[in-house]
Amino acid sequence: MKLAAAPLLAQTNPRPNVIVVLTDDQGYGDFSCHGNPILKTPNMDAIHAESVRFVDFHSAPMCTPARGQLMTGVDALKNRATSVTAGRAVLRRDLPTMADIFRQNGYRTGLFGKWHLGDNYPYRPMDRGFDESRYHLGFGMSSAPEFDNDYFNGRYRHNGELKKFEGYCTDFWFREAMAWMKKPGAPFFCYIPTNAPHGPAWVDKKYSEPYNKPMLPKDFFGMIANLDENLGTLDAFLRRQNLRDNTVVVFMTDNGATAGYSVFNAGMRGRKTMVYEGGHRVPCFVRWPKGGLRKPSDAKVPAQMQDILPTLIDLCGLKKPANAAFDGQSLAPVLRGKTDDLGERMLIVQYGQIPKKFDAAVIWGKWRLVNGQELYDIHADPGQENDVAHTMPEVVLKMRLHYEKWWAPIAPVLRDFLPISIGAPEENPVLLSSSDWEEIYADNPQHVSAAAGGPRGGPWNVYVERSGEYEIQLSRWPPHLKLPLTAGREAQKMTAGQLPPGKAVSITGARLTVDGKEYTIETKPADVSAIFKVKLAAGTRTRLHGWFTGAGGEDLCGAFYAWVNLG
């Protein structure tokens, strides 16, 4: 890629290190510094006290869209990572990521934790700019691709290779990140997106016990307590290594309130998945002790997740790819105290498994247009209780027109799903899971256990990288469990919780459609998979769809897993 010239600042000053910490499902109200009357977060509070805090900062109301916007600086419906599942959880290949840009500028790049922007080639973190990747698949432990994985002593991927970790997952991500940062060499960009405190809420009792009171989400709060402890450990590490002064630390959460909603939501309406304020307003703390930032204080200008990448490009003096176009805007002038005004811009918050027109929030200064019809003055009415659309029709019209212009080029490509590669040298064989079924939400352990998702499940969108004969094994259960297709399973006790019992299904056959052809085979009760062999040509883009049938030929359930190997 052709790169633009770097600002003079980067040529005359040592380049800073960068750490981005993104916690999962921790709402704006889940901080004692934001007024939570129960939860104690002393290390998060300390970062808050030392940072420029964007207090009108917005993300997507759900995991994957937030992460895609962070990594690309591009709106979710444009970068195509619009949902957590349903074939919409991967990024366009032509968009440079934050890791790509840092690496092109001579930085070491590392990810430790939750990626959730693609489990397979060409969407894995090491395919998208990270030199060092230690991560899990799907939304986290117990998701369809990590079905029986545990928060304690579980599995992770190291640059794609399956390995075991020791201890608690959050401790492991931070421990590995610090060991990597400690290595000498080029400055680093370290991304630590934790899977905590996303459910299932599994944590050591020593963290949850202080919150063991009626009506409190004790384990959720315990996961945050553990996170807070790790942030304190990280800060002590930066001090010991003399890294603290010239390291930019950005701390955020990915979406609005979840389990802590009923305890404290900072006066906001809505929660995760909603386009009211409580679904997408999140904390954003930026600290760089010797970086010439303004004194720690609240920045009240509306800002968004898409702003972080252009901001870091400015702060670090990076060369921006000449073809990169961001929906975000650099916040560097605000951080450096040069202005509190970014101009008259409108922000759009939208995501979705099947995105629909006006299923969004439009942000314009103090105004919030919700679902294209409701208008709220967030300064006068932070709880969004009084719809004033009927008294301010000119504001509604202007915001609707802005949205219409934004939506017009998006609508025609909403059903153009991004395919997973099969037969690529970078990943062969490939294991597909129900998390990536087209337009069907089936990524939770409950979905797999109950054989949910309809009588045929859904197809995977795939691209054939090399010609040849492919062996395709369709499974009801994760292949490593080696369970028969017909088997149920008892509830599985985990270290600090359990997985639900699994439903037995009377499977006697399987069907596969791929590249316009349909194949049918009979199966036996003891079979752990249904095996097909098909010839596919390189360059083919198709749907691969497998499901199971009963004795009468009736459709029973989708194949939750497909192992695809080019021999």
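Only a predicted model underlies this, so the values are computations on that prediction, with no experimental measurement involved. (Residues numbered from 1 in each chain as written. Predicted model: local features only at pLDDT ≥ 70, side-chain atom pairs only at ≥ 80, totals over all residues. Heavy atoms only, no water.)

**Comments concerning the overall build of the chain**
Using the following cut-off: Strands are runs of DSSP state E lasting at least two residues, helices are runs of H or I lasting at least four, and both sets are numbered from the N terminus onward. This radius of gyration counts C-alpha atoms alone. The globule rule is 2.2 Å times how many residues there are, raised to the power 0.38. Residue burial is assigned from relative accessible area. The probe radius is 1.4 Å, only protein chains are included, and a residue is buried under 20% of its type maximum, exposed over 50%, and partly exposed in between. Working definition of accessibility: Shrake-Rupley area with a 1.4 Å probe, residue cover restricted to the visible protein chains. Only four residue types enter the charge count: Lys and Arg as positive, Asp and Glu as negative, with His and the chain ends excluded. For the purpose of locating charges, the reference atoms are NZ of Lys, CZ of Arg, CG of Asp and CD of Glu.
When helices and strands are tallied, the chain shows 13 helices and 28 strands. Taken against the 2.2 N^0.38 rule, which gives 24 Å for 567 residues, the C-alpha radius of gyration of the chain at 24 Å falls within 12% of a compact globule. Summarising its shape, the C-alpha atoms of the chain cover approximately 70 × 60 × 55 Å along the three principal directions. Evaluated residue by residue, the chain yields a buried proportion of 62% over its 567 residues. Summing over all exposed atoms, the chain offers an accessible surface of approximately 21200 Å²; the carbon and sulfur share of this is 51%. In the chain, 66 side chains carry a positive charge and 61 a negative one; their mean positions are 4 Å apart.

**Re the pairing of strand β14 (residues 361-364)**
Walk down a regular strand and you will see the side chains alternate between the two sheet faces. In plain terms, the rule: Strand pairing is assigned whenever DSSP detects at least two bridges linking the two strands.
What you see with β14 is no split at all: Ala-361 and Ile-363 on one side and Val-362 and Trp-364 on the other are buried throughout. As paired elements, strand β13 (residues 347-349) and β14 share three bridges and run antiparallel to each other. The partner of Leu-347 across the bridge, within β14, is Ile-363. Pairing between β14 and strand β15 (residues 367-370): four bridges, direction antiparallel. Its bridge partner being in β15, Val-362 is matched across the sheet by Leu-369. Counting the residues that bridge the hairpin from β14 to β15 gives two residues, and of these Gly-365 lies at a positive phi of roughly 60°.

**As for the pattern of salt bridges**
Rules: Basic side-chain nitrogens of Lys or Arg form a salt bridge, by our definition, when they fall within 4 Å of a carboxyl oxygen of Asp or Glu.
The final tally for this structure, using the stated rule, is 34 salt bridges. A salt bridge links Asp-254 to Arg-67; its shortest N-O distance comes to 2.9 Å. Placement of the pair is Asp-254 in the loop between β9 (247-253) and α9 (277-280) and Arg-67 in helix α3 (residues 63-72), with a sequence separation of 187 residues. Residues Asp-254 and Arg-67 agree in their burial class; the two are buried.

**A few points about the packing of aromatic side chains**
The description of two aromatic rings rests on the distance between their centres and on the angle between their planes. Put simply, the rule is: Between the rings of Phe, Tyr and Trp (Trp by its six-membered ring), a pair exists once the centres lie within 6.5 Å; its type follows the angle of the planes, with under 30 degrees stacked, over 60 edge-to-face, and the other angles tilted. Cation placement over rings: the criterion is NZ of Lys or CZ of Arg within 6 Å of the ring centroid and within 35° of the ring normal.
Within this structure, the stated rule accounts for 25 aromatic pairs. Measuring from centroid to centroid gives 6.3 Å for Phe-165 and Trp-173, while their planes differ by 45°, and the two rings are tilted. When sorted by exposure, Phe-165 lands in the same class as Trp-173, which is buried. Aromatic rings pair up to connect Phe-102, Tyr-107, Trp-115, Phe-130, Phe-189 and Tyr-191 into one cluster. Above the plane of the ring of Tyr-28 lies Arg-281, whose end atom (NZ or CZ) is 4.2 Å from the centre. The side chain of Arg-476 reaches across the aromatic face of Trp-477, ending 3.9 Å from its centre.

**Overview of the packing of helix α2 (residues 42-49) against helix α8 (residues 218-240)**
Which entries qualify depends on this criterion: With axes taken as lines fitted to C-alpha atoms, and helix axes fitted only over the stretch in contact, angles between N-to-C directions fall between 0 and 180 degrees. What sets the label is the angle itself: under 35 degrees gives roughly parallel, over 145 gives roughly antiparallel, 65 to 115 gives roughly perpendicular, and the rest give oblique. The contact definition used throughout considers only heavy atoms, calling two residues in contact when any of these lie within 4.5 Å. Ten residue types, Ala, Val, Leu, Ile, Met, Phe, Trp, Tyr, Cys and Pro, are classed as nonpolar, four, Asp, Glu, Lys and Arg, as charged, and the remainder, Gly among them, as polar.
Where α2 contacts α8, the axes come no closer than 7 Å and their chain directions differ by 55°. As judged from the angle between their axes, α2 and α8 are oblique. In contact with Pro-42, Asn-43, Met-44 and Ile-47 of α2, α8 contributes Ile-224, Leu-227, Asp-228, Glu-229, Leu-231 and Gly-232. Among the residues forming the contact of α2 with α8, the class breakdown is six nonpolar, two polar and two charged.

**Topic: the nonpolar core**
As a reminder, the rule being used: Working definition of a nonpolar core: buried Ala, Val, Leu, Ile, Met, Phe, Trp, Tyr and Cys residues. They are joined through side-chain atoms within 4.5 Å.
By size, the foremost hydrophobic cluster in this structure holds 87 residues, and its most contacted members are Ile-19, Met-181, Cys-190, Leu-234, Tyr-470, Leu-474 and Phe-548. Sorting elements by how many residues they give to this core places α8 first, with ten residues. Once residues within four sequence positions are removed from consideration, Met-181 is found in contact with Ile-19, Arg-108, Phe-188, Cys-190, Leu-234 and Phe-237. Ranked by size, the runner-up nonpolar core spans 50 residues in total, among them Phe-57, Phe-189, Cys-284 and Phe-326.

**Section: the packing of helix α6 (residues 169-181) against α8**
Put simply, the rule reads: Two helices that cross are described as forming a left-handed crossing if the nearer one is turned anticlockwise from the farther one by less than a right angle, and a right-handed crossing if clockwise.
Across the interface, α6 lies against α8 with an axial gap of 10 Å and an inter-helix angle of 10°. When the axis of α6 is compared with that of α8, the two are roughly parallel. The element α6 and its partner α8 pack so that their crossing is right-handed. For the pair α6 and α8, contact is made by Thr-170, Asp-171, Phe-174, Met-178 and Met-181 and by Asn-226, Leu-227, Asn-230, Leu-231, Thr-233, Leu-234 and Phe-237, respectively. In terms of residue class, the contact of α6 with α8 is built from seven nonpolar, four polar and one charged.

**A few points about the side chain of Ser-475**
Its location among the elements puts Ser-475 in strand β20 (residues 468-475). Residue Ser-475 is classed as buried on the basis of its relative accessible area of 3%. In this structure, Ser-475 is in contact with Leu-485, Val-528, Ser-529, Phe-548, Ala-559, Phe-560 and Tyr-561, ignoring residues within four places of it in sequence.

**Quick notes on helix α10 (residues 308-316)**
Burial of α10 is extensive: eight of the nine residues sit out of reach of the surface. All of the buried residues along α10 are Ile-308, Leu-309, Pro-310, Thr-311, Leu-312, Ile-313, Leu-315 and Cys-316. Among the residues trailing α10, Gly-317 stands out with phi positive, at a value near 65°.

**Concerning the pairing of strand β8 (residues 188-193)**
Taken across its six residues, β8 has six buried, putting it largely inside the fold. Burial of β8 is two-sided: the residues Phe-188, Cys-190 and Ile-192 facing one way and the residues Phe-189, Tyr-191 and Pro-193 facing the other way are all buried. Of the pairings in the sheet, the one linking strand β1 (residues 17-23) to β8 comprises five bridges and is parallel in character. Across the sheet, the residue bridging to Val-20 is Tyr-191, located in β8.

**Examining the side chain of Glu-176**
As for its position among the elements, Glu-176 is in helix α6. Residue class for Glu-176 comes out buried when judged on its relative accessible area of 18%. Discounting residues that sit within four places of it in the chain, Glu-176 has contacts with Phe-112 and Arg-134.

**So, the sheet that holds β14**
Here four strands make up an open sheet; going across it, the order is β13-β14-β15-β16 and the pairing antiparallel. Looking along the sheet, the strands with just one partner apiece sit at the ends: β13 and β16 (374-377). For this sheet, the mean inter-axis angle between neighbouring strands, taken without regard to orientation, is 20°.

**Some remarks on unusual backbone geometry**
Residue Pro-200 follows Gly-199 across a cis peptide bond; omega there is 0°. Within the secondary structure, Pro-200 sits in the loop between β8 and α7 (205-208). The omega torsion of the bond from Asn-428 to Pro-429 falls at 5°, within 30 degrees of zero and hence cis. In this fold, Pro-429 is placed in the loop between β17 (420-422) and β18 (430-433).

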